[in-house]
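Observations on the model geometry
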Amino acid sequence: MELSTLLNPSQIEAVQAVDGPVLVVAGPGSGKTRVIVYRIAYLVRTCGVRPSRIMAVTFTNKAAREMRDRIDQVLGGAQQNLTMGTFHAIGARLLRTYADSAGLDPNFVIYDADDQTQVVKRSLEDAGVDHKKFSPNAVKHAISAAKSQMVTPAEFAGRKSNYFDEIVHRVYDRYEAVLEQSHALDFDDLIVRVVRLLEGNAEVRERVQDRYVHVLVDEFQDTNAAQYRMARLIAEKHRNLCVVGDPDQAIYSWRQADVANILNFEKDFPGARVIHLEQNYRSTGTIIKAADKVIAVNRNRPQRKLWTENSDGLPIIVHDALNEQDEALFIVNEVDRLVKREGFKHGDCAVLYRTNAQSRAVEEAFVRYGLPYHLVGATRFYERREVKDVLAYLRVTYNPYDDVNLLRIVNVPSRGIGQKSLDELARWANRRSLPLYAAIQLLGEPPEQRGEGPDLGQRAEKALAGFLELIRGLEAEAKGSNAADLIKRVLAETGYRDYLLASDDDGEDRLENVMELRTVAEEFSHLRGMDSLAALLEQVALVADSDNVGEKPNSTTLITLHQAKGLEYPVVFIAGMEEGLLPHARSMEDAAQMEEERRLCYVGMTRAQQRLYLVRAYRRAAMGMRSANEPSRFLRDVPPELTALPQRKRVQAAGFQPEMRMAAMSGAAARDREAASVAPAGPPAYKAGERVKHGTFGEGVVITCHPSGSDQEVTVAFRGTAGVKKLLLSFAPLERVQA
DNA sequence: ATGTTTATTATTTTT
DNA sequence: TAATAAACAT
């Protein structure tokens, strides 16, 4: 392996610094993944470290997969024994291996966000709290925050300071009890319980620490306190901990990620080597300069400067659109043009946005124009109702003590078990501290065993007995087959297939989704019985990443800024460059949050390799309401000399009738119009945002100004009733107004 | 007990 | 706007 031909000197230093703690601060596009891949290859090939003694932690499952592939490529052959995955996946594996020592059922299930919300709701009710006054989601977030900082319910009692904390405290205890009774762990538990296990059990700690001679953590800036503690514990013995991160790309503080971990690292491992990777290989000089200007405004950041030897490339295009439809239309037009005239492929392009809701308008435009696109993770596959229902059957079959999932399907399709009966059953089970499933089992026992009965009607009892039989049947089936076959049986025996087909008009589509789940399940057909089921459930719980489901080749990617972390595209559009959106309205009050918004913008900009578009809409419909938004403050920080107006005439029409305009623009008409567009004539007379005055319409703000034939067309938003008008420069009585 | 209609309400990012 | 809960009718 001749490293000097593959890597620059700093990268080589990071690869070869294998003894002792190392912190690699790696800017965007600085070859970070490359460094990790070669570092692992170097450990295995040159240092003779067995792959089984290496642990590499990534931020997403997808990243783990890709990294494994690249390592396999470099080393030739599959490195099966390498421990590689997210903190959560690795945590789950450790906890199953050492379930006994951790005091867990080795068949524990993993609760996702939705399950958690259900548990919180139930806990709120149990605690007698009005769940209208305290949103379950807020409480869930508070509990999760406490857990990821390793605060137990008992410790929480000490820090409660207001009424909300008081409520959280009351619910937190109850929440943990419900999880335990359900033999379930939530996401945070997958980390927290590992830490507790390692801290509390010297024997297990020794074994784990002995095994992992080298530990790597990627995206270190986005780890939380518990995760860092877990990594530190595992690496404590050999002290070969290498963390790779970039404080400027920390964008998950809302999930309790804490950049301070980087500072803690240098404190906990004095004398750690610090290596900086600052040369960017990804983007044009223009993009790097602009991104650097934007991020430089943050006060709370390390001193450093990203640089590149790449050529400057083209200016960044800043575009002002009328509204979100117009914004989408502009993007679609540009993609089309880049593909037709400039040799890009659809797959080279990506549209990035702050909120998932923004994807709608963009998606509609792509559909209307018939351009290929794929949307990453909006309505995530595993969150579809029908998929969750079928999964609930599987999960209850695997672990019948899972109350949340049992409640989900006990009456789906309806089998005569109504809310009243369930309430009564739950009260009865609660008094006895029994999971619902155990309570239902007890119903079948003779009266001396079951004691004072629940007050259920005969019909309900019979229906519950029927449900019990159903689950028992599935259980027997599960033992003798595999997950994919079990899904088939669930569909047939529970009546779910008929229920789906009968329910909506899109029942067939829903069934199609379930079949997709079956396809996923088939991956685990080499395993038999409960093992197959266990493997599927684990995968589903931890791969909330829907990236592997139905990705279209060579299509434009529609993705949130957060999800785009770690990715790169030749052409990037950032949509919604507006105050209130990016930066988001919720971050306006808090300086630290505002810095995070800026980092998010920085992350977005640095995804671009060759072309970067920053697009904003003058007005936008948000949950039914229209509002006019100021341009994002981040646009002001992009030096004007690095930007340009769009080179071609933008397609637009007056007024606010997107439907009509879309219709008019579809198909051949659009192409004709495009072909008819004329070469630019002279520099624009006005820039977007300038104040102007008109003889009859009064004062207004320029939205766009661009060439139109031999003239220029100025679009102005006027104060008051006049609204938005398109005017021709040579005719309109316009004059500048000083701000 | 279940399906239908109306009212309400909350809108960021996700392993 | 859209998703969900509550109220209502069957």
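Here we summarise the structure given alongside this text. (Residues numbered from 1 in each chain as written. Chains lettered and ligands numbered in written order. Predicted model: local features only at pLDDT ≥ 70, side-chain atom pairs only at ≥ 80, totals over all residues. Heavy atoms only, no water.)

**Points about unusual backbone geometry**
Under the convention used in this document: For the purposes of this entry, the term helix denotes a DSSP run of H or I that reaches at least four residues, the term strand denotes a run of E that reaches at least two, and both are numbered from the N terminus.
A cis geometry characterises the amide bond from Val412 onward to Pro413, with omega recorded as -5 degrees. Structurally, the position occupied by Pro413 is in the loop between helix 19 (403–409) and helix 20 (419–431). In this structure, the amide linkage connecting Leu582 to the following residue, Pro583, adopts the cis form with an omega of 10 degrees. A positive phi angle, close to 50 degrees, is found at Glu219, a residue other than glycine.

**So, the packing of helix 8 (residues 136–148) against helix 11 (residues 187–200)**
Operational definition: Axis lines are fitted to C-alpha atoms, over the contacting stretch for helices. Their N-to-C directions set the angle, which ranges from 0 to 180 degrees. Here the word oblique covers every angle except those under 35 degrees (roughly parallel), over 145 (roughly antiparallel) and from 65 to 115 (roughly perpendicular). By definition, any crossing whose near helix is turned counterclockwise from its far helix by less than a right angle is left-handed, and any crossing with a clockwise turn is right-handed. Should any heavy atoms of two residues lie within 4.5 Å, those residues are counted as being in contact. Residues were grouped as follows: Ala, Val, Leu, Ile, Met, Phe, Trp, Tyr, Cys and Pro as nonpolar; Asp, Glu, Lys and Arg as charged; and all remaining residues, including Gly, as polar.
Following both chains from N to C, one finds helix 8 and helix 11 inclined at 20 degrees, their axes separated by 9 Å at the closest point. Overall, the two elements helix 8 and helix 11 adopt an arrangement that is roughly parallel. Considering the relative orientation of helix 8 and helix 11, their crossing is left-handed. Contacts between helix 8 and helix 11 involve Ser144, Lys147 and Ser148 from the former and Asp188, Asp189 and Val192 from the latter. Among the residues forming the contact of helix 8 with helix 11, the class breakdown is 1 nonpolar, 2 polar and 3 charged.

**Notes on the protein's contact with DNA strand B**
Threshold: Proximity criterion: a residue is near a molecule or strand once any of its heavy atoms comes within 4 Å of it. Any pair of nitrogen or oxygen atoms within 3.5 Å is treated as a polar contact; in protein, a donor-acceptor pairing is required on top of that, and neighbouring residues in sequence qualify only through side-chain atoms on both sides.
Around DNA strand B there are 27 residues in total, and Arg354, Asn356, Gly416, Arg586 and Met623 lie nearest to it. Counting only atoms of DNA strand B within 4 Å of the protein, the sugar-phosphate share comes to 51%. Asn411 places a polar side-chain atom, nitrogen or oxygen, 3.1 Å from a phosphate oxygen of DNA strand B. One of the backbone nitrogen or oxygen atoms of Gly416 is found 2.8 Å away from a phosphate oxygen of DNA strand B.

**Digging into the nonpolar core**
Selection rule: By convention a nonpolar core is built from buried Ala, Val, Leu, Ile, Met, Phe, Trp, Tyr and Cys residues, the set being connected through side-chain atoms within 4.5 Å. Each residue gets one of three labels from its accessible area relative to the maximum for its type: buried under 20%, exposed over 50%, partly exposed in between, using a 1.4 Å probe on protein chains only.
Ranked by internal contacts, the top residues of the largest apolar core, which has 75 residues, are Leu394, Leu425, Phe467 and Leu536. Those residues in contact with Phe467, other than ones at most four positions away along the chain, are Leu406, Ile409, Val410, Arg415, Ile417 and Ile440. Residues Val25, Tyr98, Val217 and Phe265 belong to the second largest nonpolar core, which totals 45 residues.

**Let's talk about the packing of aromatic side chains**
We count it as follows: Two aromatic rings, drawn from Phe, Tyr or Trp (for Trp, its six-membered ring), form a pair once their centres lie within 6.5 Å of each other, and the interplanar angle then sorts them: stacked below 30 degrees, edge-to-face above 60, tilted otherwise.
Under the definition given, this model contains 11 aromatic pairs. Here the aromatic rings of Tyr393 and Tyr496 are separated by 6.5 Å at their centres, their planes lie at 70 degrees, and the arrangement is edge-to-face. One end of the pair, Tyr393, is in helix 18 (residues 385–398); the other, Tyr496, is in helix 25 (residues 496–503), and 103 residues separate them in sequence. For Tyr393, a relative accessible area of 0% translates into the label buried.

**A closer look at the pairing of strand 14 (residues 556–560)**
The cut-off we apply is this: Two strands are counted as paired when DSSP detects at least two bridges linking them.
Taken across its 5 residues, strand 14 has 5 buried, putting it largely inside the fold. Because side chains alternate across strand 14, one face comprises the buried residues Thr556, Leu558 and Thr560, and the other comprises Thr557 and Ile559, equally buried. As paired elements, strand 12 (residues 349–353) and strand 14 share 4 bridges and run parallel to each other. Looking at strand 14, one finds that Val351 is bridged to Leu558. Two elements, strand 13 (residues 373–375) and strand 14, share 3 bridges in a ladder whose sense is parallel. Each bridged residue has a counterpart across the sheet, and for His374 the counterpart in strand 14 is Thr557.

**With respect to the sheet that holds strand 2 (residues 54–58)**
The strand order 3-2-6-7-1-8 describes an open sheet built from 6 strands, whose pairing is parallel. Each end of this open sheet is capped by a strand with a single partner; those strands are strand 3 (83–86) and strand 8 (273–277). Neighbour-to-neighbour, the strand axes of this sheet turn through a mean angle of 15 degrees, independent of strand direction.

**Thoughts on the sheet that holds strand 14**
The strand order across the open sheet formed by 7 strands is 13-14-12-15-16-11-19, and the pairing between neighbours is parallel. Each edge of the sheet is formed by a strand with only one pairing partner; in this case those strands are strand 13 and strand 19 (643–644). In this structure, strand 12 lies alongside strand 15 (residues 569–574), joined through 4 bridges in parallel fashion. Among the inter-strand pairings, Val351 is bridged to a residue of strand 15, identified as Phe573.

**A short note on helix 17 (residues 359–369)**
Every buried residue of helix 17 is accounted for by Ser359, Ala361, Val362, Ala365, Phe366 and Tyr369. Remark: Gly370 follows helix 17 within two positions and exhibits a positive phi of approximately 70 degrees.

**Re the packing of helix 18 against helix 23 (residues 458–480)**
Closest axis-to-axis distance for the helix 18/helix 23 pair is 9 Å, and the angle between their directions is 80 degrees. Looking at the two axes, helix 18 sits roughly perpendicular to helix 23. Contact residues: Tyr393, Val396 and Thr397 in helix 18; Leu470, Ile471, Leu474, Glu475 and Ala478 in helix 23. When the residues that make up the contact of helix 18 with helix 23 are grouped by side-chain class, the tally is 6 nonpolar, 1 polar and 1 charged.

**Focus: a negative patch on the surface**
Our working definition: A patch consists of residues whose relative accessible area exceeds 30% and which take part in no salt bridge; residues with like charges are grouped when within 9 Å of each other, and nonpolar side chains (Val, Leu, Ile, Met, Phe, Trp, Tyr) when within 5 Å. In these tables, accessible area is a Shrake-Rupley quantity obtained with a 1.4 Å probe, and a residue counts as shielded only by the protein chains included in the view. The working definition used for a salt bridge is a side-chain nitrogen of Lys or Arg within 4 Å of a carboxyl oxygen of Asp or Glu. Only four residue types enter the charge count, namely Lys and Arg as positive and Asp and Glu as negative; His and the chain termini do not. Throughout, a charge is located at the NZ atom of Lys, the CZ atom of Arg, the CG atom of Asp or the CD atom of Glu.
On the surface, Glu508, Asp509, Glu512 and Glu516 cluster together into a patch of negative charge. Considering the arrangement of structural elements, one finds Asp509 in helix 26 (residues 507–522).

**Here's the deal with the pattern of salt bridges**
Per the stated rule, a full pass over the model turns up 46 salt bridges. Between Asp248 and Arg301 there is a salt bridge, with its nearest N and O atoms 2.7 Å apart. Here the residue Asp248 occupies a position in the loop between strand 7 (241–245) and helix 14 (260–268), and Arg301 occupies one in the loop between helix 15 (285–296) and strand 10 (307–308), the gap between them amounting to 53 residues. Of the two residues examined, Asp248 and Arg301, each falls in the buried class. Put simply, Glu493 and Arg489 hold a salt bridge, and the shortest N to O gap is 2.5 Å. Of this pair, Glu493 and Arg489 both sit in helix 24 (residues 483–493), separated by 4 residues, roughly a single helical turn. On the basis of relative accessible area, Arg489 is assigned to the partly exposed category, the value being 34%. The network of salt bridges with shared partners includes Asp112, Asp114, Asp115, Lys388, Asp389, Arg395 and Arg408.

**Considerations on the environment of Thr97**
The topology assignment puts Thr97 in helix 5 (residues 87–97). In this structure, the C-alpha to C-alpha distance between Thr97 and Leu406, residues 309 residues apart in sequence, is 26 Å. There is a polar contact of 2.7 Å between the side chain of Thr97 and the backbone oxygen of Arg93.

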